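Architecture and fold: a report
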Amino acid sequence: MEPLYQSKLQCICCETPFETSRVRPSFKKAIATDTDFCGYYKAGVNPDFYVVRVCPTCGFATTENGLDRLNDVQKRKYMEAAGSRWVPVNYGGERTEKEAMASYKLALISAQAVGEKERVIAGILHHIAWLYRYASNKTEEQRFLRFALQSYIRVYEEEGASLNNARLMYIIGELHRRIGERNDAVRWFSRVVNDKKIVDSAMIRASREQWQLIREESMLSGEGEITDSTEQVSGDGIASFA
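Anyway, here's the lowdown on the structure attached to this text. Being a predicted model, the structure only gives us computed values, none of them experimental.

A short note on unusual backbone geometry
The phi dihedral of glutamate 15 falls on the positive side, at around 65°, and the residue is not glycine. Inspection of the secondary structure puts glutamate 15 in the loop between strand 1 (4-10) and strand 2 (17-23). Relative accessible area serves as the criterion here: at 48%, glutamate 15 is assigned to the partly exposed category.

Quick look at the structure:
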């Protein structure tokens, strides 16, 4: 069975029908996953390459979590921002790393032009950082991790009460850690662990593990132990890190 199949869509901007490649569910299982949820897959297909759908006619790009319709004002804003200069390219087949990157950056431009939800923009930025990680481009990975972090914080400020707080708070802490902001990372991890309303055991455990990792890294680098001055991490059968 081929890992890719074609899905028929209609562009929500120019209303032109087009096809895009999707990855069959049986090929989506990661063989390894980073602590910020970046997945690694068997050679031949990476599902992250096919998250974005790109209209070959006008270039409008989105994800399945994005808007499902645009009003006339949004369409005009996209055309002014990018669509009027679009040179037709078809990203509907098998994608290389370069083509996947191009599709995500088109999605970012499209999302910003039409005022997409912040959580969708955060996800796009984070995926771009992953693509740079796959390419071993540390500088650009760090740059886009910072952009993603800023966007996730805005999501928390705007929508935190209506989302999975534990996962969102954990990823904010983890991105702080990955860009070297350890004290900020500890503050977010401690909030996950100490918020009595959070019952997501996987995120609580992950937050404890990353706090411990920060502690070990700080000791090895000679910076001394980093702790949260206002809260302790404690729990059933687990000693405080402080």
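Now that the structure has been shown, the text picks up again.
Brief notes about the packing of aromatic side chains
Enumeration over the complete set of coordinates arrives at eight aromatic pairs. Pairing phenylalanine 37 with tyrosine 170 gives two aromatic rings, centres 5.8 Å apart and planes at 55°, and the pair type is tilted. In this pair, phenylalanine 37 sits in the loop between strand 3 (32-33) and strand 4 (39-40) while tyrosine 170 sits in helix 5 (residues 165-178), placing the two residues 133 residues apart along the sequence. Residues tyrosine 40 and tyrosine 134 carry aromatic rings whose centres are separated by 5.6 Å and whose planes lie at 80° to one another, so their mutual orientation is edge-to-face. Residue tyrosine 40 is found in strand 4, and its partner tyrosine 134 is found in helix 3 (residues 118-134); the two are separated by 94 residues along the sequence. According to the relative accessible area criterion, tyrosine 40 is partly exposed, its value standing at 27%.

Rules behind the numbers
- Residues numbered from 1 in each chain as written.
- Predicted model: local features only at pLDDT ≥ 70, side-chain atom pairs only at ≥ 80, totals over all residues.
- Heavy atoms only, no water.
- Helix = DSSP H or I, 4+ residues; strand = E, 2+ residues; numbered from the N terminus.
- Buried < 20%, exposed > 50% of the residue type's maximum accessible area, 1.4 Å probe, protein only.
- Phe/Tyr/Trp six-rings, centres within 6.5 Å; stacked < 30°, edge-to-face > 60°.

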